[in-house]
Amino acid sequence: MSSNKNALIRYKTLDKCLKNKYRKYTLEDLIDECSEALFEFEGKESYVSKRTIQLDLQNMRSEKFGYEAPIEVYERKYYRYSDPEYSIHNISVNESDLKAMNNAVQILKQFKDFSMFKEMNGVIQKLEDSIHATNQKSIIHLDKNEQLKGLEYIDILYDSILNKKVLKILYKSFTARESNVYTVHPQLLKEFNNRWFLICLYKKQMYNLALDRIENIEVDEKQQYIDKDLDGDAYFKDIVGVTVSESMVPRNVVFFVDAANAPYVKTKPLHKSQEIINETVEGTLFKICVQINYELERLLLGFGDSLVVHKPRRLRLRMEEKFRSGNKNYQDLVIPDEN
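Participant: Please clarify how the overall build of the protein should be interpreted in this entry.
Facilitator: Within the protein, the regular secondary structure consists of 10 helices and 11 strands. The buried share of the protein, reckoned over its 339 residues, is 34%. Sequence-distant contacts, at least 24 apart, represent 58% of the contacts inside the protein between residues at least 6 apart. Total accessible area computed for the protein in this model is approximately 22500 Å², and 49% of it derives from carbon and sulfur atoms.

Following this line, the structure appears as structure tokens:
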């Protein structure tokens, strides 16, 4: 059992003893009670040291966990609460605490439609009731698409990653004419640009599959799961989006943003590696170090004529071609009169 769980059991046991008006507890009694409580929970002998209980009492007295428990020693050897009505489970909160808790509740409520959060609904309701926030409108709103396909697969994908299960996924990409079955070893779930992706191992290579293109999932109990032990922060550190190349080296991408839009890019960097190279009245020259992928191109194109890629040359030429094709599409466009 974790040390944190041990500590919670001890605090709960000490609280029960200290508020008991019908029995006197010495330090040795408190040690015995905590040892017995841990034994009942773990099912094995567990002795708590005198030093541990003394530290627990000190922590409960302090502001460390917000308890500030009124613990006193009377008759020079017995422990109790000086306030007979006190309990660590009845800690009062101030107005600032209530506002912070309410903000947290509003954030949790944004996820209530995800099936993997269904078990949280009762907890969220209890929090709302306890802070009298039931009728308060949500101040914090997270962007989510409630019509998004594929969310029904999050449960099984999450469980398969957690329990290391191989999956057979019926998948149809946007470019494929027919659906295909992929036997994959799921590693991570990733949300980007309001879409969800499964990062998985397929035929010894890493792939990302969009959840909205999945048609069916079955667990393959016969195959042994291969765990790549991916750390999400490390795996995605050199990219924008979800597409990672195991062979591509990150490149310095230098781009200019005009003065009207530069503040937006400054305050919301395109990547954590972003740096300012030069700044003038016309605009700002930025640099990021990333792999060149589809998502990066889409992001840069989204700035339209307010952003110009300087380096690398191949990316600049590709951006030029995209804008040239877009301009031609508008020139060739024929729309009948609305009248």
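Participant: Explanation requested: a negative patch on the surface in the structure shown.
Facilitator: The grouping of Glu28, Asp32, Glu36 and Glu40 at the surface amounts to a negative patch. Locating Glu36 in the fold gives a position in helix α2 (residues 27-42).

Participant: Help me understand the layout of surface pockets in this model?
Facilitator: In this approach, a probe sized like a water molecule rolls over the atoms, and the result shows the empty space that is left. The space that makes up the largest pocket amounts to roughly 1000 Å³. Lining the largest pocket are 31 residues, with Phe192, Val240, Gly241, Val242 and Glu295 sitting closest to its centre. Within the residue set of the lining of the largest pocket, elements represented by two or more residues are β4 (180-192), β5 (195-202), β6 (205-210) and α9 (294-301). In terms of residue count, α9 provides more of the lining of the largest pocket than any other element does, four residues in total. For the lining of the largest pocket, the residue count by class is 15 nonpolar, seven polar and nine charged.

Participant: Sorry, what's going on with the nonpolar core here?
Facilitator: One recurring pattern in soluble globular proteins is that nonpolar side chains are buried together. Grouped together as the largest cluster of nonpolar side chains are 24 residues, with contacts concentrated most on Leu30, Ile53, Leu57, Met60, Ile71 and Tyr81. Elements that contribute at least two residues to this core include exactly α1 (3-18), α2, α3 (50-61) and β2 (78-81). Ignoring sequence-local partners within four residues, the contact set of Met60 consists of Tyr11, Leu14, Asp15, Leu18, Tyr67, Glu68, Ala69, Ile71, Tyr81 and Ile88.

Participant: I tried to follow the packing of α2 against α3 on my own but got confused; where do I start?
Facilitator: Two quantities define a packed helix pair, namely the angle between the helix axes and the distance between the axes. Relative orientation of the contacting elements α2 and α3 amounts to 100°, with a least axis distance of 10 Å. Between α2 and α3, the angle falls in the class roughly perpendicular. Listed contacts from α3 to Leu27, Leu30, Ile31 and Cys34 of α2 are Lys50, Ile53, Gln54 and Leu57. For the contact of α2 with α3, the per-class residue count stands at six nonpolar, one polar and one charged.

Participant: Whenever I open this one, the packing of α9 against helix α10 (residues 313-332) confuses me. Can you help?
Facilitator: The interhelical angle for the contact between α9 and α10, taken along N-to-C directions, is 55°, at an axis separation of 11 Å. In terms of axis orientation, α9 runs oblique to α10. Where α9 crosses over α10, the handedness of that crossing is right-handed. Of the residues in α10, those in contact with Glu297, Leu300 and Leu301 of α9 are Leu315, Arg318, Met319, Lys322 and Phe323. The residue makeup of the contact of α9 with α10, split by class, is five nonpolar, no polar and three charged.

Participant: Whenever I open this one, a nonpolar patch on the surface confuses me. Can you help?
Facilitator: A cluster of nonpolar side chains, namely Tyr330, Leu333 and Ile335, defines an oily patch on the protein surface of about 400 Å² accessible area. Relative to the helices and strands, Leu333 resides in the segment after α10.

Participant: Help me out: how do you make sense of the pairing of strand β3 (residues 166-171) in this one?
Facilitator: Regular strands place side chains that alternate from one sheet face to the opposite one. Relative to strand β7 (residues 214-220), β3 is paired through six bridges, and the arrangement is antiparallel. Among the inter-strand pairings, Leu167 is bridged to a residue of β7, identified as Val219. As paired elements, β3 and β4 share five bridges and run antiparallel to each other. Paired with Tyr171 across the two strands is Asn180, which belongs to β4.

Cut-offs used in this document
Residues numbered from 1 in each chain as written. Predicted model: local features only at pLDDT ≥ 70, side-chain atom pairs only at ≥ 80, totals over all residues. Heavy atoms only, no water. Helix = DSSP H or I, 4+ residues; strand = E, 2+ residues; numbered from the N terminus. Buried < 20%, exposed > 50% of the residue type's maximum accessible area, 1.4 Å probe, protein only. Contact = heavy atoms within 4.5 Å. Areas by Shrake-Rupley, 256 points an atom, 1.4 Å probe, with all protein chains shown as cover. Patch = residues over 30% accessible without salt bridge, like charges linked within 9 Å, V, L, I, M, F, W, Y side chains within 5 Å. Salt bridge = Lys/Arg side-chain N within 4 Å of Asp/Glu carboxyl O. Lys, Arg positive; Asp, Glu negative; His and termini not counted. Charge placed at Lys NZ, Arg CZ, Asp CG, Glu CD. 1 Å grid on protein atoms, 1.4 Å probe; cavity = no way out; pocket = protein on both sides within 12 Å on 5 of 7 lines; lining within 4 Å. Points joined across faces, edges and corners; volume = space filled by probe spheres on them. Nonpolar A, V, L, I, M, F, W, Y, C, P; charged D, E, K, R; others polar. Core = buried A, V, L, I, M, F, W, Y, C linked by side-chain atoms within 4.5 Å. Axes fitted to C-alpha atoms, helices over the stretch in contact; angles between N-to-C directions. Parallel < 35°, antiparallel > 145°, perpendicular 65-115°, else oblique. Left-handed = near helix turned anticlockwise from the far one by under 90°. Pairing = 2+ DSSP bridges.

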